[in-house]
Amino acid sequence: MKNKNRIQAKDLITVGIFTAIMMVVRIISSFLGVIPIVNAIITVPVCIAVGPVYMLFLTKVKKMWMITIMAGITGIFMSVFGWAWFCAAIALVCGLIADFITKLGNYQSYKLGLAGYCVYSLWWIAPVLPVWFQPGFLDNMRESMGAEFVQAYSTLMPIWMLPVLIVVTIISALIGGLLGKRMMKKHFVRSGIA
Amino acid sequence: MEQRKEKTKKGFWLDPRSKLLIILSMNGLVVTGVENWVLSLIVVFLGVLLMLSKYVRSAVKFMLTFAVLLFIEIIVWHYVTTGPMVYIIVFTGLVKKFIPAIMSAMVFIYTTTVSELASALARMHVPEKMILPILVILRFFPTVQEEWDCIKDAMKMRGIGNGVKSVLSPMRSMEYTLVPLISTSVKTGEELSASALTRGLGAPVKRTNSCQVGFSWPDFLVIAVAAVFFVLITF
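Residues numbered from 1 in each chain as written. Chains lettered and ligands numbered in written order. Predicted model: local features only at pLDDT ≥ 70, side-chain atom pairs only at ≥ 80, totals over all residues.

1. Some points on the overall build of chain B
- Within chain B one finds ten helices and zero strands.
- Counting all 235 residues of chain B, 26% fall into the buried class.
- Here the analysis covers contacts within chain B between residues at least 6 apart in sequence; of these, 79% occur between residues at least 24 apart. (Helix = DSSP H or I, 4+ residues; strand = E, 2+ residues; numbered from the N terminus. Buried ≥ 20, exposed ≤ 12 C-beta atoms within 10 Å, placed from the backbone. Contact = placed C-beta atoms within 7 Å.)

Structure follows, in structure tokens:
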């Protein structure tokens, strides 16, 4: 009985399964990012597509740390597959905050879960951050991509784009979460997996 | 068990940890600008690693792709300097940088067995709570891939999901693919979890591993090369 609130092997397997599904969905939906300008707002399709999976994951989460572990592992895998290392750190922090928010509702409240998802989704902005915060990033880009492109890129991405990106991400996470709720009602509850 | 050990030890074999180091040393690639000769060296190095692990065909495929991209870039760079052609360079530049990342990930995934990885992670003192999900994920990727193919087949059979219609209503095609994918994956996952638990995965003891990992001379060589690349990329 004492162990009831601790994470057990079964929970860890659940975390693994959902992380895998989320990652596959992510990779598929982020293929759009190959188009150069779209990769700035790649958060939109990704957050919408991942939403249903995340919402289903929440129905299985009943304990603290599960979301954090999921976020941390996702970050590590993304770094392994070629993202910058700080993305993993940001993912971990976002996951932790999301975990706390979801815990406020005792892992039962839909609204707090949705809020948690919005916070968690924010780490998707991480790959774009070097444009503003890493000195010399644009110079590097000028070398590899040409001055004209950088010109276009920097007029498209002034610093005020950061709050805009955050808002856009939160909105698309909300859409994803609501979509998840609808899908859950329509499919998953009926087939007994939620 | 003995048999498998012999098979993994025979021939060219790298410790999972040194393969992880290779991947980490490539990590700066995507954010920093790298000159073409460094990138080419890296691709050749990873190609040789893939070949030594007996994946000659994919090694050749990647190296050829890289060479073609490089060729296109040089041609475009020399003859066209303005206009929409610049976007070709942007595209090749992006793909070119991802090739080493994909290749190093492939070296890792193709040549590492799950128990080798578990053993290596345990010796790196990664907490058990992280190791288990990671193993499940690696075990699960092929399953998800399989389900994905089945779903696509089923959709084709019903005559939905391909062509203009699916592009025009992305929400609906997302529902058609996501819902079955999630349902089957969750079901498989429950079975996996039941079977793992009956084999004593949840037991409150320290787990041991029959698979031995350790560094040997190819590892030191590879680590040295990876360190050189890291320096070249970062500075």
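Let's pick the thread back up.
2. Digging into helix α5 (residues 110–121) of chain A
Residues and elements named next belong to chain A.
- For α5, which comprises twelve residues, the first-to-last C-alpha distance of 16 Å matches the rise-based estimate of 16 Å (1.5 Å per residue) to within 8%.
- Judged by how many residues are buried, α5 sits mostly within the fold: nine of twelve residues are covered.
- Every buried residue of α5 is listed here: Gly113, Leu114, Ala115, Gly116, Tyr117, Cys118, Val119, Tyr120 and Ser121.
- Taken together, the buried residues of α5 touch α2 (43–60), α3 (66–80), α4 (85–104) and α9 (161–191). (Expected span 1.5 Å × (residues − 1).)

3. What about the nonpolar core?
- Core analysis: the biggest nonpolar cluster contains 63 residues, and A:Ile17, A:Ala20, A:Ile21, A:Val53, A:Met70, A:Cys94 and A:Val119 have the highest contact counts within it.
- Broken down by element, this core gets its largest block of residues, twelve residues, from α2(A).
- Contact partners of A:Cys94, with chain neighbours within four places excluded, come to A:Ala71, A:Val119, A:Tyr120, A:Leu122 and A:Trp123.
- Counting 24 residues, the second-largest nonpolar core is a separate cluster that includes B:Leu39, B:Phe66, B:Ile99 and B:Ala101. (Core = buried A, V, L, I, M, F, W, Y, C linked by C-beta atoms within 7 Å.)

4. Examining the packing of helix α7 (residues 128–158) of chain B against helix α9 (residues 170–198) of chain B
Residue and element names in this part refer to chain B.
- Two numbers describe how α7 lies on α9: the axes approach to 10 Å, and their chain directions differ by 140°. Considering the angle they form, α7 stands oblique to α9. α7 and α9 meet at a crossing whose hand is right-handed. Each of Thr143, Val144, Glu147, Trp148, Ile151 and Met155 in α7 lies in contact with α9, whose residues at this interface are Tyr176, Thr177, Pro180, Leu181, Thr184, Ser185 and Thr188.
- Classifying every residue of the contact of α7 with α9 gives seven nonpolar, five polar and one charged. (Axes fitted to C-alpha atoms, helices over the stretch in contact; angles between N-to-C directions. Parallel < 35°, antiparallel > 145°, perpendicular 65-115°, else oblique. Left-handed = near helix turned anticlockwise from the far one by under 90°. Nonpolar A, V, L, I, M, F, W, Y, C, P; charged D, E, K, R; others polar.)

5. Some words on the confidence of the model for chain B
All names here are of chain B.
- Overall, the predicted model of chain B reaches an average pLDDT of 80, with 86% of residues at or above 70.
- Within chain B, no element has a lower average pLDDT than helix α1 (residues 2–9), which sits at 48, and none a higher one than helix α3 (residues 36–52), at 88.
- Counted against residues more than four places away or in other chains, residues 1–7, with its pLDDT under 50, gives one contact.
- Taken over the whole predicted complex, pTM reads 0.78, whereas the ipTM for its chain interfaces reads 0.78. (pLDDT = per-residue confidence, 0-100.)

6. Some thoughts on the environment of B:Tyr176
Residue and element names in this part refer to chain B.
- Position of Tyr176 among the secondary structure elements: in helix α9.
- What makes Tyr176 partly exposed here is the crowd of 18 C-beta atoms within 10 Å.
- Sequence separation between Tyr176 and Phe140 is 36 residues; the distance between their C-alpha atoms is 21 Å.

7. Some words on the packing of α2(A) against α5(A)
All names here are of chain A.
- Between α2 and α5, the shortest axis-to-axis distance is 10 Å and the interhelical angle comes to 140°. The pairing of α2 with α5 is recorded here as oblique in orientation. In this structure, α2 crosses over α5, and the sense of that crossing is right-handed. Here α2 contributes Thr43, Cys47, Gly51, Tyr54 and Leu58 to the contact with α5, which in turn contributes Gly113, Tyr117 and Ser121.

8. Describing the environment of A:Cys87
Residue and element names in this part refer to chain A.
- Topologically, Cys87 is positioned in helix α4.
- Accessibility expressed as a C-beta count within 10 Å gives 22 for Cys87, which makes it buried.
- Sequence-wise, Cys87 and Gly75 are twelve residues apart; in three dimensions their C-alpha atoms are separated by 6.3 Å.
- Setting aside residues up to four positions removed in sequence, Cys87 forms contacts with Gly75, Met78, Ser79, Trp123, Ala126 and Pro127.

9. As for the environment of B:Gly202
- As for its placement among the helices and strands, B:Gly202 is situated in the loop between α9 and α10 (217–234).
- In this view, B:Gly202 contacts A:Gln8, A:Ala9, A:Lys10 and B:Leu197; residues no more than four positions away in its chain are not counted.

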